[in-house]
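Structure at a glance
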Amino acid sequence: MREIELTAGTVEYDDTGERADAGAGSGGPTVVFLHGLMMDASLWDGPIAELSGAHRCVAPTLPLGAHRHAMRDDADLSLAGVARLVVEFLDRLDLRDVTLVGNDTGGALVQLVVCEGAAERVGRVVLVSCEAFDNLPPGLTGRTLAVAGKLSPRMFGLFMQPMRIGAVRRLPVAFGWLTRRGGAATGRWMRPVITRQEIRRDAVRMLRAVFADTRVLLRAAERLQAFDRPALVVWARDDRVMPPAHGRRLAELLPQGRLVEIEDSYTLVPLDRPTELVSAVREFTRPADPDPRW
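About the criteria used
- Residues numbered from 1 in each chain as written.
- Predicted model: local features only at pLDDT ≥ 70, side-chain atom pairs only at ≥ 80, totals over all residues.
- Heavy atoms only, no water.
- 1 Å grid on protein atoms, 1.4 Å probe; cavity = no way out; pocket = protein on both sides within 12 Å on 5 of 7 lines; lining within 4 Å.
- Points joined across faces, edges and corners; volume = space filled by probe spheres on them.
- Helix = DSSP H or I, 4+ residues; strand = E, 2+ residues; numbered from the N terminus.
- Nonpolar A, V, L, I, M, F, W, Y, C, P; charged D, E, K, R; others polar.
- Core = buried A, V, L, I, M, F, W, Y, C linked by side-chain atoms within 4.5 Å.
- Buried < 20%, exposed > 50% of the residue type's maximum accessible area, 1.4 Å probe, protein only.
- Contact = heavy atoms within 4.5 Å.
- Polar contact = N/O pair within 3.5 Å; in protein donor to acceptor, adjacent residues only side chain to side chain.
- Pairing = 2+ DSSP bridges.
- Right-handed = clockwise from strand over helix to strand, strands pointing away.
- Salt bridge = Lys/Arg side-chain N within 4 Å of Asp/Glu carboxyl O.

Per the stated rule, a full pass over the model turns up one cavity of 30 Å³ or more. When its volume is computed, the largest cavity comes out at roughly 30 Å³. In this structure, the largest cavity is lined by T10, V11, E12, T61, H67, R68, H69 and M71. Among the elements that line the lining of the largest cavity, the one with the most residues is strand 2 (residues 9-15), at three residues. Its residues placed into classes, the lining of the largest cavity shows two nonpolar, four polar and two charged.

Right, here's the structure in full:
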């Protein structure tokens, strides 16, 4: 993982265009992937492995509870603040005409990025089973995190200790309704907050800030109609946390929106059905065929 110093602190990221072993295809269309709460960039390992031959894939680990570098004391860890951090990240790497992809809370961040007048570097978006409209906090997991975020960092750490156990992480109040197949990833995501006090401090600050404004995505939705660029909505048909009706509503709201539904998956489609997700993204980012008359 590479590192970049941003105003909030040090952010790790993967960039296939900068890897020493990057192939010739890494100079293709740039895709930037955003993850959700209590997750890191490894959410996207499967899709990146399949896409990186013909795409430049960039995936930052945002300060959403599974990061490994503590943020500065004055960092704004609200959804709007982290969205601004994403914009700063795009600016600092000088990424242009990117396809911005977000799953879970990452999809909420995509909505905020394009609705806050910061969409000039974004050529198209992909929203993958994510928070939208009034779904904040989302489901049992979101409500559990909202309550846990009110604890002190020390008590939050004690609350999170059972997450060392795979059977606990598979409960509906944890990751059980978010992924059918991602047990190994969820264990990895828990390590920083379980083992490091400074990350617990950040996680508590972040959760309090995120859930302090539960109408932020309703306000964003009012401005989504102004994003008149290609938009793909990919939703898990069996999603128990992000209502499938919200996927259909987002696709209708976005002027160039279209919907793809994925079978046999919960919210974390990059873990449960990476190949099907990659197929949809690859088709979406494929350059239009030139007019044969020319």
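From this point on, the discussion continues.
Counting 104 residues, the largest nonpolar core has F33, V122, W189 and L250 as its most contacted members. Among the elements that make up this core, the one with the highest residue count is helix 2 (residues 79-92) (eight residues). Discounting chain neighbours no more than four positions away, the residues touching V122 are L90, V98, L100, V113, V114, F227 and R229.

Considering only enclosed or pocket space, the largest pocket measures out at about 290 Å³ in volume. Looking at the largest pocket, it is lined by 22 residues, and the ones nearest its centre are T141, L145, M163, V173 and A174. Listing elements by their share of the lining of the largest pocket, those giving two or more residues are helix 4 (139-148) and helix 5 (153-160). A total of four residues in the lining of the largest pocket trace back to one element, the largest contributor, which is helix 4. Class assignment of the residues belonging to the lining of the largest pocket gives a composition of 16 nonpolar, four polar and two charged.

What follows covers the side chain of R121. You can see R121 is positioned in the loop between helix 3 (105-115) and strand 6 (122-130). Reaching out from R121, the side chain makes a polar contact with the side chain of D91 at a distance of 2.5 Å. Not counting residues up to four positions away in its chain, the partners in contact with R121 are L90, D91, D94, L95, R96, D97 and V98.

What follows covers the pairing of strand 7 (residues 231-236). Of all six residues in strand 7, six are buried, a share of seventy percent or more. Sheet analysis places strand 6 next to strand 7, joined by four bridges and oriented parallel. By the bridge assignment for strand 7, V128 is matched with V234. With helix 10 (residues 244-253) bridging strand 7 and the parallel strand 8 (residues 257-262), this β-α-β connection has right-handed handedness.

The next thing to look at is the pattern of salt bridges. Using the criterion set out here, one finds 22 salt bridges in the structure. Between D202 and R201 there is a salt bridge, with its nearest N and O atoms 2.9 Å apart. Among the salt bridges present, the one from R205 reaches D202, with a minimum N-O distance of 3.3 Å. Taken together, the residues R205 and D202, both in helix 8 (residues 197-212) and three residues apart, mark about one turn of the helix. Given a relative accessible area of 23%, R205 falls into the partly exposed group. Members of the salt-bridge network, linked through shared partners, are R180, R181, D238, D264, R273 and E276.

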